[in-house]
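# Chains, contacts and geometry: an overview
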Amino acid sequence: MTTKPTEKRSRFEPEPMPRRDFLGLAALASMAAAFFVSMFGMLKLPKAAVSASPAKKFSVALPDALPVGEAFVPPGRSVAVFRDGEGVFAISTVCTHLGCIVKPNANGFECPCHGSGFSKDGSVTKGPAPKPLPWLKVSKGGSGFVIDEEATVKTGTKV
Ligand code: FES
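Report on the accompanying structure.

Conventions used here
- Residues numbered from 1 in each chain as written.
- Predicted model: local features only at pLDDT ≥ 70, side-chain atom pairs only at ≥ 80, totals over all residues.
- Heavy atoms only, no water.
- Helix = DSSP H or I, 4+ residues; strand = E, 2+ residues; numbered from the N terminus.
- Buried < 20%, exposed > 50% of the residue type's maximum accessible area, 1.4 Å probe, protein only.
- Contact = heavy atoms within 4.5 Å.
- Phe/Tyr/Trp six-rings, centres within 6.5 Å; stacked < 30°, edge-to-face > 60°.
- Salt bridge = Lys/Arg side-chain N within 4 Å of Asp/Glu carboxyl O.
- Pairing = 2+ DSSP bridges.
- Patch = residues over 30% accessible without salt bridge, like charges linked within 9 Å, V, L, I, M, F, W, Y side chains within 5 Å.
- Areas by Shrake-Rupley, 256 points an atom, 1.4 Å probe, with all protein chains shown as cover.

A few words now on the overall build of the protein. Within the protein, the regular secondary structure consists of one helix and nine strands. In the protein, which comprises 159 residues, the share counted as buried stands at 27%. Put simply, 35% of the contacts in the protein that link residues at least 6 apart link residues at least 24 apart.

Spelled out as structure tokens, the structure:
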């Protein structure tokens, strides 16, 4: 049996690293990198990615010049408010088919998504919408009227 002569290494020349140790260190480094990347992602989580939705109950001041039977859609709301000789009422503009926002027109409402039609009182005139548009609770208050988008009332209820 022959022995290799031992080389005298300088203390500035590192020992060659065995392959097993190198792979172990590489695995440890990649685990640490994955941990820090995931922590960076988690730091972003506590902030909401979307803004909070506005309150479902809001007040609206109807324009004095609002013609009878013409819809007034408050900005940013999915409600059409009407005034006629009997009072003020509000109809949801959320289509009862799949939830698109219907557009008021001369005959009532029309859904731009699948073509449903609704009369001025929200009744379905053309499918595929399965149900009429709901009337919403209106009360006097605020700077005119308070509309509650979460409270429906019987069709024909006016304030
Ligand atoms: S969402 Fe209005 S007709 Fe489909």
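So much for the structure itself; the text now carries on.
By secondary structure assignment, the location of Pro74 is in the loop between β1 (57–60) and β2 (79–84). Residue class for Pro74 comes out buried when judged on its relative accessible area of 6%. A C-alpha to C-alpha distance of 9.8 Å links Pro74 and Phe58, two positions 16 residues apart in sequence. In contact with Pro74, other than residues within four places in its own chain, are Phe58, Val60, Val79 and Val81.

Evaluated as defined, the whole model comprises four aromatic pairs. Where Phe35 meets Phe36, the ring centres are 5.5 Å apart and the plane angle is 70 degrees; that geometry is what we call edge-to-face. Assessed through its relative accessible area of 45%, Phe35 is described here as partly exposed. On the accessibility criterion, Phe36 (59% relative accessible area) is exposed. Both rings, one in Phe82 and one in Phe89, keep their centres 5.2 Å apart while their planes meet at 15 degrees; by these two values the pair is stacked. Judged by relative accessible area, Phe82 falls into the buried class, the value being 6%.

Going through the model one piece at a time under the given rule, you end up with one salt bridge. Among the ionic pairs, Glu149 bridges to Arg77, the shortest N-O distance being 3.3 Å. With Glu149 in strand β9 (residues 144–153) and Arg77 in the loop between β1 and β2, this residue pair connects regions lying 72 residues apart in the sequence. Accessibility classification places Glu149 together with Arg77 in one group, the buried group.

Now for the sheet that holds strand β6 (residues 117–118). Pairing is antiparallel in the open sheet, where four strands are placed in the order β4-β5-β6-β7. Lying at the two open borders of the sheet, with one neighbouring strand each, are β4 (103–105) and β7 (124–126).

Here the focus is a nonpolar patch on the surface. Taken together, the side chains of Met17, Phe22, Leu23, Leu25, Leu28 and Met31 make up a nonpolar region of the molecular surface, amounting to roughly 650 Å² of accessible area. As for its placement among the helices and strands, Met31 is situated in helix α1 (residues 19–44).

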